[in-house]
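Overview (structure and organization)
So the chains spell out like this:
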Amino acid sequence: MTTTEATTTSKNSKQKKSAGQGGPVWDWAAGHGPVTGALSATTGAFAVATTGAATGMPPTWALAVGAAGAVGHTAAGIRLKNAGRTIAARASSWLITAGWTTWATAHGPLTWQALGSLAVIGTGMATATRSTNLYEEAREEEAAAAEQRAVALELSAERRAIAEEWVERIRRVCGISVRVLAVEHWPTGTGFTLDAELPGGTTYDQISTRAAALSADAHLPHGCTAAASPGIHQGRTLIDVATVNVLETEVPYPSDYAPLSLHTGIPWGYRSNAEQIQTYLREQCALVVGPTGSGKTNMVHVILAGFARATDVLTFVIDLNAGSAGLSWVLPALNHQPAPGERPMRPGIDWLAGTVKEAHVMLDAVLRIGKQRKIAYQGLMAREDTDLLPIGPSIPQIMLVIDEGAEILTSTDKVLKELAKKILEVIRMLRAMGIRTVLTALGSTGAVLGNLMIRREAKVRVALTGGEKEGMDLGKLFPGTRGLKVDQAPYKGSGFMGTPESPAALFKCWRILPSQIREIVAATSERHPTLDAVSAKAAGDAYARRWDADRIAWMHNPQPTPTTPAAGQDEEGRRELNLSALREDRPAGEQGQEAEADRLADAFMREIDEQFGTTTEPTPKRERPQRPGLNLSALREDRPAEPESSEPSADGTDAVPPLLQQAYDAVKAAGGRMHTADLATQLGIDTTELGTELSRILRAVGVERPGKGTVRAGNGESRTGYLAETLSEAIRRYRNPQ
Ligand SMILES: Nc1ncnc2c1ncn2[C@@H]1O[C@H](COP(=O)(O)OP(=O)(O)OP(=O)(O)O)[C@@H](O)[C@H]1O
């Protein structure tokens, strides 16, 4: 006799599998549906009874087999934790079938009575099985639901405990009795948000001003706050409670470098709940305050990275400190040597002014662009039914980033005052025309924020504290937001940030490294928009010739005081060099064509001859290198002799670039490994410049610069640097070229 019924539940089938592994051949839990089970049982019973009656089998045998089946199925049912009624139903199926078989064997199965009763038994069995299966399924579902209810109860018990704790705390510290409606844990696991209902006539800022006291009362770790912000209506508030300090750790700039848009926000850092903070600068200007050493330069690079990634932004940078903020975004393009047919790399920023004169040229052009846009795009704005110029890749926004610009605005120096006037005019006049500014300042002193224009237009505000308290007046920078304390953010690159969309609260800027800046310049080279024709025409030659040799020569020699001649001052018919390929007024089809590259290469060679042919350089008989593309680093007055352009001496010593040799000597003297910044300081060059030059020198002989993390700093943290072995291998290859 085969088994009659079985359950169809997943639980049972799982158990069935495990029972089957190496178990008995007779499977008491074998699978059958209610109908097939009943059919199988009745046909089996009929066959046994017919055979038994024909062969004279003792009828009690069938009863014995049925009893064994009932016992077996009962045992299987108990093992599967079936309900008692299920087990009883199945055992009785066996017994009834066995009873019928015994009776039919004794009295003959081929009578209407026997067949009719068997049919009744089969139908009853199918019905009973179906009902027990349904019952088992319902039991199983109920058990799962009960399990979930238990978990939820446990969770809500935890939430209830948090809610009760904070209701009590807010009552004690702020004197306000709120009702917590929900507690949501952050997916990052670094805190939670309370959604609370305020009592009548109370506003959320009565809690937000007591943030520091609440944080202290809750014994939150340093860098963690309980920040109240508006809820879904004015009678509700959301209180973000950070329990893990994410501001402490150094987090690298996200490496996906995906395209961004001014309209969908540009990320500048992250909050304590690890959420990114987006800046929306279509109409806003920004002010970034950070004393020396707070991570301001790093933040400027993060800002420039965001703009470089945007498809609808062109960035103009004014940095009177030798253009250092913008240089890292230009040099990778200047030093890029395109392969034949490859398009020259575009810098990550569109214009860099390192002197007051060049800044005037830039600001004049920007003002002309703004005024011309107002006139020329009237029709477009009427068609689009907007009073804001529709900014996009075809009409890009110009973001004017002015390092220490706030100091220019408040300077009493006559020259800087002139510049300040133009900057203020840009801020005041050109919001609608898609020209906005990002100013940095060393301190949020009254002098900087006393300027009404800055207060009114720059609502995106950042205070990098880095633990620095001097000149850090958070109350002035974020008026109306009390409870912010400098010592809540004592880490470099951390501080407070507020935008019209996101109230002032703790934040941290990502750490961006020079290698990432180079990667972003390369990754975004093809992505930058070109200045619209209306604007380009208004900006005129001052813009079109911004990469001319005479205007960028200083970039190859970034000394503290650049000697950039301003446009129009030293025209002398000089031709532009490799960046001419970037001029937007060039027909697009021409770019990247070999013929054009050759023409430019010739121009470049002539330029070198004109510029350096008559100078008293120590190596006047230097051979002209055969280069696939152009390399403006050749214009550097202090440029070390390049390996490929040196006449190799007998022992090859002269072929070694002096910079490589100096670097090797310094690294060796320092014990075989050295951080880039330390090496740069020792060699008296800019860190980024050193990285770029040395990498190029190493690459030229096929030596890979050691990767990140090869050098351990004093505090144990891994940093990028140089190893003596790498440098000595490069020296060896220069001496013995393959
Ligand atoms: N976001 C950050 N995360 C972690 N560390 C940072 C961050 N920003 C800066 N730092 C650290 O702080 C150091 C100083 O940064 P940075 O040069 O940007 O400061 P700064 O305010 O511009 O100082 P200075 O005015 O002296 O140049 C960096 O070398 C780096 O070690």
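Within every chain, residues take consecutive numbers counted from 1 along the sequence as written. Reporting in this predicted model follows two pLDDT cut-offs: at least 70 for local features of residues, and 80 or more for side-chain atom pairs to be given and counted; totals over whole chains, interfaces and linings ignore these cut-offs and use all residues.

For the protein, the name recorded in an unreviewed UniProt entry is FtsK domain-containing protein, with Streptomyces hygroscopicus as its organism.

**Quick notes on the site of the ligand**
Neighbouring residues of the ligand: 14 residues in total, closest G295, K296, T297, N298 and G493. Note that Gly is not counted as nonpolar here; it falls among the polar residues with everything else outside the nonpolar set of Ala, Val, Leu, Ile, Met, Phe, Trp, Tyr, Cys and Pro and the charged set of Asp, Glu, Lys and Arg. Across the shell around the ligand, the residue classes tally to two nonpolar, eight polar and four charged. By definition, a residue lies near a molecule or strand provided its backbone-derived C-beta atom is within 6 Å of it.

**Points about the UniProt feature "binding site: ATP" (unreviewed entry) in the protein**
Per the UniProt entry, the sites bearing "binding site: ATP" (unreviewed entry) are G290, P291, T292, G293, S294, G295, K296 and T297 in this numbering. With respect to the element layout, G293 can be found in the loop between β7 (286-289) and α8 (296-309). The exposure label follows from counting other C-beta atoms within 10 Å of a residue's C-beta, where the C-beta atoms are placed from the backbone and the thresholds are 20 or more for buried and 12 or fewer for exposed, leaving partly exposed in between. According to the C-beta neighbour criterion, G293 is exposed, with 12 such atoms within 10 Å. Labels follow the DSSP assignment, with helices taken as runs of H or I lasting at least four residues and strands as runs of E lasting at least two, numbered in each case from the N terminus. Looking at where S294 falls in the secondary structure, it is placed in the loop between β7 and α8. UniProt positions are given in the numbering used here, feature names are shortened, and annotations may be inferred rather than shown by experiment.

**Notes on helix α22 (residues 676-683)**
Residues of α22 that are buried: T676, L679 and A680. Projected onto a plane normal to the axis of α22, the buried residues spread over an arc of 100° and lie on a single side. We call two residues in contact if the C-beta atoms placed from their backbones are at most 7 Å apart. Lining the buried residues of α22 we find α21 (658-669), β15 (673-675), α23 (687-700) and β18 (721-723). As used here, the arc is the angular range of directions from the helix axis to the C-beta atoms.

**Some details on the nonpolar core**
Remark: nonpolar core denotes a set of buried Ala, Val, Leu, Ile, Met, Phe, Trp, Tyr and Cys residues whose joining runs through C-beta atoms within 7 Å. M362, V366 and F496 are the most contacted members of the largest nonpolar core, which totals 129 residues. The leading source of residues in this core is α8, at eight residues. With near-sequence residues (within four places) excluded, F496 lies in contact with A463, L474, F478, L484, A489, A504, A505, L506 and F507. The next biggest cluster of nonpolar side chains, apart from the first, holds 21 residues, and it includes A655, M674, V701 and Y722.

**Here we look at the confidence of the model for the protein**
Confidence scores per residue from the predictor, reported as pLDDT, run from 0 to 100. Summarising the model, the protein shows a mean pLDDT of 78, and 78% of its residues fall at 70 or more. For the stretch residues 1-24, pLDDT sits under 50, and the model shows 49 contacts to residues farther than four places along the chain or on other chains. Predicted confidence for residues 707-718 stays below pLDDT 50, and this span has 13 contacts to residues more than four positions away or in other chains. Reported confidences for the modelled complex are a pTM of 0.57 and an ipTM of 0.97.

**Side note on the sheet that holds strand β12 (residues 460-464)**
The 10 strands lie next to each other as β6-β5-β14-β13-β12-β7-β11-β10-β8-β9, forming an open sheet whose pairing is mixed. Both edges of this open sheet fall to β6 (276-279) and β9 (351-353), since each of them pairs with a single strand only. On average, each strand axis in the sheet is inclined to that of its neighbour by 25°, with strand direction left out of account. Pairing between strands is defined by DSSP: at least two bridges between them are needed. Where strand β8 (residues 313-318) lies against β9, three bridges are found, and the strand directions are parallel. Across the sheet, residue F316 finds its bridge partner in β9, namely W351. Of the strands in this sheet, β10 (397-402) and β11 (435-441) touch helix α13 (residues 414-429), which is tilted by about 130° from β11. Each axis is a line fitted through C-alpha atoms, taken for helices only over the stretch in contact, and angles between the N-to-C directions span 0 to 180 degrees.

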